[in-house]
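Listed below are the residues making up each chain.
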Amino acid sequence: MGTTVIRGGLVITAADETNADILIEGGRVTALAAHDSDVARAWAESADRVLDASGRYVIPGGVDAHTHMEMPFGGTFAVDTFETGTRAAAWGGTTTIVDFAVQTVGESLRAGLDAWHAKADGNCAVDYAFHMILSDVNEDTLKEMDGLVDEGVTSFKLFMAYPGVFYSDDGKILRAMQRAAGNGGLVMMHAENGIAIDVLVEQALAAGRTDPRYHGEVRHALLEAEATHRAIQLARVAGAPLYVVHVSATEAVAELAQARDLGLPVFGETCPQYLFLSTDNLAEPDFEGAKYVCSTPLRPKEHQAHLWRALRTNDLQVVSTDHCPFCFKGQKEMGLGDFSKIPNGLPGVENRMDLLHQAVVDGRISRRRWIEIACATPARMFGLYPRKGTIAPGADADIVIYDPDATQVMSAETHHMNVDYSAYEGRTVTGRVQTVLSRGEVVIDDRSYTGRAGHGRFVARETCRYLG
Ligand SMILES: [Zn+2]
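Residues numbered from 1 in each chain as written. Predicted model: local features only at pLDDT ≥ 70, side-chain atom pairs only at ≥ 80, totals over all residues. Heavy atoms only, no water.

A.B. asks: Just give me the short version of the overall build of the protein chain, but keep the residues and values in it.
C.D. replies: Along the backbone of the protein chain there are 14 helices and 20 strands. A compact globule built from 468 residues should have a C-alpha radius of gyration of about 23 Å, and the protein chain, at 21 Å, falls within 12% of that. Considered along the principal axes of its C-alpha atoms, the protein chain spans approximately 70 × 50 × 40 Å. Residues classed as buried in the protein chain amount to 61% of the 468 residues present. Within the structure as shown, the protein chain displays about 16400 Å² of accessible surface, and the carbon and sulfur contribution to it stands at 47%. Computed over 43 positive and 62 negative side-chain charges, the separation of the two mean positions in the protein chain equals 2 Å. (Helix = DSSP H or I, 4+ residues; strand = E, 2+ residues; numbered from the N terminus. Rg over C-alpha atoms; globule rule 2.2 N^0.38 Å. Buried < 20%, exposed > 50% of the residue type's maximum accessible area, 1.4 Å probe, protein only. Areas by Shrake-Rupley, 256 points an atom, 1.4 Å probe, with all protein chains shown as cover. Lys, Arg positive; Asp, Glu negative; His and termini not counted. Charge placed at Lys NZ, Arg CZ, Asp CG, Glu CD.)

A.B. asks: Mind laying out the packing of aromatic side chains, listing which residues take part and the relevant values?
C.D. replies: In the structure shown here, the tally under the stated rule is 16 aromatic pairs. Residues F73 and Y162 carry aromatic rings whose centres are separated by 5.5 Å and whose planes lie at 75° to one another, so their mutual orientation is edge-to-face. Placement of F73 in strand β8 (residues 72-73) and of Y162 in the loop between β12 (155-159) and α5 (170-183) is noted, with a sequence separation of 89 residues between them. Aromatic side chains F159 and F166 sit 4.8 Å apart centroid to centroid with 25° between the ring planes, which places their arrangement in the stacked category. On the basis of relative accessible area, F159 is assigned to the buried category, the value being 3%. (Phe/Tyr/Trp six-rings, centres within 6.5 Å; stacked < 30°, edge-to-face > 60°.)

A.B. asks: Lay out the side chain of T296 with the relevant residues and their values.
C.D. replies: On the secondary structure map, T296 appears in the loop between α11 (279-282) and α12 (303-313). Polar side-chain contacts of T296 include one of 2.9 Å to the backbone oxygen of H246. Side chain to side chain, T296 and S248 meet in a polar contact 3.0 Å long. (Polar contact = N/O pair within 3.5 Å; in protein donor to acceptor, adjacent residues only side chain to side chain.)

A.B. asks: Which residues make up the sheet that holds strand β16 (residues 318-319), and what are the values?
C.D. replies: Pairing is parallel in the open sheet, where 8 strands are placed in the order β7-β10-β11-β12-β13-β14-β15-β16. The open sheet has two free edges, formed respectively by β7 (62-67) and β16, since each of these has just one partner strand. For β7 and strand β10 (residues 94-102), the ladder comprises 4 bridges, and the chain directions are parallel. When the sheet's bridge partners are listed, D64 is paired in β10 with I97. Relative to the sheet, helix α13 (residues 352-361) contacts β7, β10 and β16, its axis offset from that of β7 by approximately 115°. Helix α14 (residues 367-381) contacts β7, β13 (186-190), β14 (242-244), β15 (266-270) and β16 of the sheet and is inclined by roughly 65° relative to β7. (Pairing = 2+ DSSP bridges. Contact = heavy atoms within 4.5 Å. Axes fitted to C-alpha atoms, helices over the stretch in contact; angles between N-to-C directions.)

A.B. asks: Go over α13 with me, naming the residues and quoting the values.
C.D. replies: In terms of burial, α13 is largely enclosed, as 9 of its 10 residues are buried. Inspection of α13 places R352, M353, D354, L355, L356, H357, Q358, A359 and V360 among the buried residues, and these make up the whole buried set. Where α13 ends, the next residue or the one after it, G363, has phi of about 80°, a positive value.

Printed below as a string of structure tokens:
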């Protein structure tokens, strides 16, 4: 592989913005030196490869801590494979994904994890790790959690939604939290009261309210807030930290903020769709609203300001995508005449870094906060830091050369995700990925793909490093 120097860019991490050149050897960052210093000049002269980043940002590769490649849902599968999904991630400047391995009810965690390893192994363009979805909490699976932590699967997702599928009752949740408190695992919660939601779904359908927009109405904001509150109290009783996924409602943010004001180790993520889309999209005519069906659902526009504020005040710490794409044709259409049969999920793994950069352009967050919520904190939260999420001596050379001035129009015509629509069709954003390195290997070279399936490796994670 030889040595690579990235020269002349503005290096942005969660902590600093520096005019520095970067020396990369053996897939890792060896050193940073002041631009135009004698040291940096000597590196460039002897390097095997020099990448010019003048006028560009040089940022850590994105860490997307919430993706669902090939996820089974409602009788179909998310259409991005690990191959197509990680290639799209690279195009969008994301160099690590943490995907969710799924335990099937009645089977072991091991069987689920092995199945996800088999899907990903040899197919990924960038590095990947796994969380484990616990669908069936029992004595055996509780014991299995300890072993998974030891092999680098250090976080466990539980569902208060989807009765009969992924749902766990409060007793099961408490037991899993107690186990996590003992083995260092982090419990991630899908916080929506699924039992109450199912009642509202049944009532809506019986009354003939079958359009996609009713998906947003039955999954009431208060039922997200109630579940968030309950999850926090269960975690307190168990003495475990808690990470709430895809927070979308103002009222749920308030529960997190209140817990954090008490000093509790409670964390929250939101996703670009909640920051940039709303129930206006769910109400689009001709069943187009189905494109925006995901859970938690999109909320009325006025929720967005609260999410942005929480990202600024650190009541929310992470933005990940919940990338779970289903084609409009043939998949979303399964819910024509019954919104409850629309597969839940949106594409987004390719769009996250750019949408959040647009928030920098718009003055919502700083450049360093952009890197913090999209790279550094997800890496810290899930035991990948400082290998991932920053640019520092010893870190993996997962680096993006980012053009902050280029404009682009998001579209299904030009994106690389394996799905027939874009949730952001026609949206113009400022900023675009130019070149991407994954462990020192150039996988996107000045807007052309030079990576390969199988370059990406499984990363065994440490336990959460955001706590101490
Ligand atoms: Zn998810």
